[in-house]
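Fold and geometry: a report
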Amino acid sequence: MQRNHFLCSYWECNLCAFDQLVLDMSRSDVIDYLYESISAVLRSAKISYIKWDFNRSLSNVFSGGLPADRQGEVAHRFVLGSYRLMERLRDSFPDVMIEGCSGGGGRFDPVFGSYPAIQLHFRKKC
């Protein structure tokens, strides 16, 4: 991964909280990388369960993948990229249960929970 594959703030591309950077899931190349990496792990062993924590809230995010006049699209594209990744994983690994958690990030996402084989927890902190 390169520096421009992470979300950044307007003034700095090291937007770090909890010692974490956030991958720019508004970018199709990042989604492809994540899909290939996760798929390789899932194919390497008998894995039937993934806990997918979305406990990182986002603010002041900008993408190196969009021009300045389209930065207002980043948050929406990030969510759509997340959905695309979940759909690809679900379609390729239908027997793997993916538990999604967004409680720590303070989000409720009924779309994420609507995917078959994906269980959503939003009332408790995971």
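A brief structural summary. This one's a predicted model, so the numbers in the text were calculated from it and none came from an experiment.

Analysis parameters
Residues numbered from 1 in each chain as written. Predicted model: local features only at pLDDT ≥ 70, side-chain atom pairs only at ≥ 80, totals over all residues. Heavy atoms only, no water. Helix = DSSP H or I, 4+ residues; strand = E, 2+ residues; numbered from the N terminus. Expected span 1.5 Å × (residues − 1). Buried < 20%, exposed > 50% of the residue type's maximum accessible area, 1.4 Å probe, protein only. Arc of directions from axis to C-beta. Polar contact = N/O pair within 3.5 Å; in protein donor to acceptor, adjacent residues only side chain to side chain. Contact = heavy atoms within 4.5 Å. Phe/Tyr/Trp six-rings, centres within 6.5 Å; stacked < 30°, edge-to-face > 60°. Lys NZ or Arg CZ within 6 Å of the ring centre and 35° of its normal. Core = buried A, V, L, I, M, F, W, Y, C linked by side-chain atoms within 4.5 Å. Salt bridge = Lys/Arg side-chain N within 4 Å of Asp/Glu carboxyl O.

1. Thoughts on helix H1 (residues 28-44)
The first and last C-alpha atoms of H1 sit 24 Å apart over 17 residues, in line with the 24 Å expected at 1.5 Å per residue. When we look at burial in H1, the residues that qualify are Val30, Ile31, Leu34, Tyr35, Ile38, Ser39 and Leu42. With its buried residues spanning 155° around the axis, H1 presents them on a single face. Seen from the buried face of H1, the exposed residues on the opposite side, beyond 90 degrees, are Arg43 and Ser44.

2. Focus on the side chain of serine 82
Within the secondary structure, serine 82 sits in helix H2 (residues 74-92). Within the local environment of serine 82, its side chain forms a polar contact with the backbone oxygen of phenylalanine 78, the two atoms lying 3.0 Å apart. Here serine 82 is in contact with Met25, Ile31 and Phe54, once residues within four sequence places are set aside.

3. Remarks on the packing of aromatic side chains
With the rule as written, the count across this model stands at zero aromatic pairs. The positively charged end of arginine 88 is found above the aromatic ring belonging to tyrosine 35, 4.1 Å away from the centroid.

4. Some details on the nonpolar core
Ranked by internal contacts, the top residues of the largest apolar core, which has 18 residues, are Met25, Leu42, Trp52, Leu85, Leu89 and Ile98. Of all the secondary structure elements, the ones that give two or more residues to this core are H1, strand S1 (49-53) and H2.

5. A short note on the pattern of salt bridges
Two side chains bearing opposite charge may form a pair once their charged atoms approach each other closely. Under the counting rule described, the total for this entry stands at five salt bridges. Arginine 70 serves as the salt-bridge partner of glutamate 73, at 3.1 Å between the closest nitrogen and oxygen. Since its relative accessible area comes to 31%, arginine 70 is described here as partly exposed. Among the ionic pairs, aspartate 91 bridges to arginine 90, the shortest N-O distance being 3.1 Å. Among the ionic contacts, a cluster of salt bridges with common partners joins Arg70, Glu73 and Arg77.

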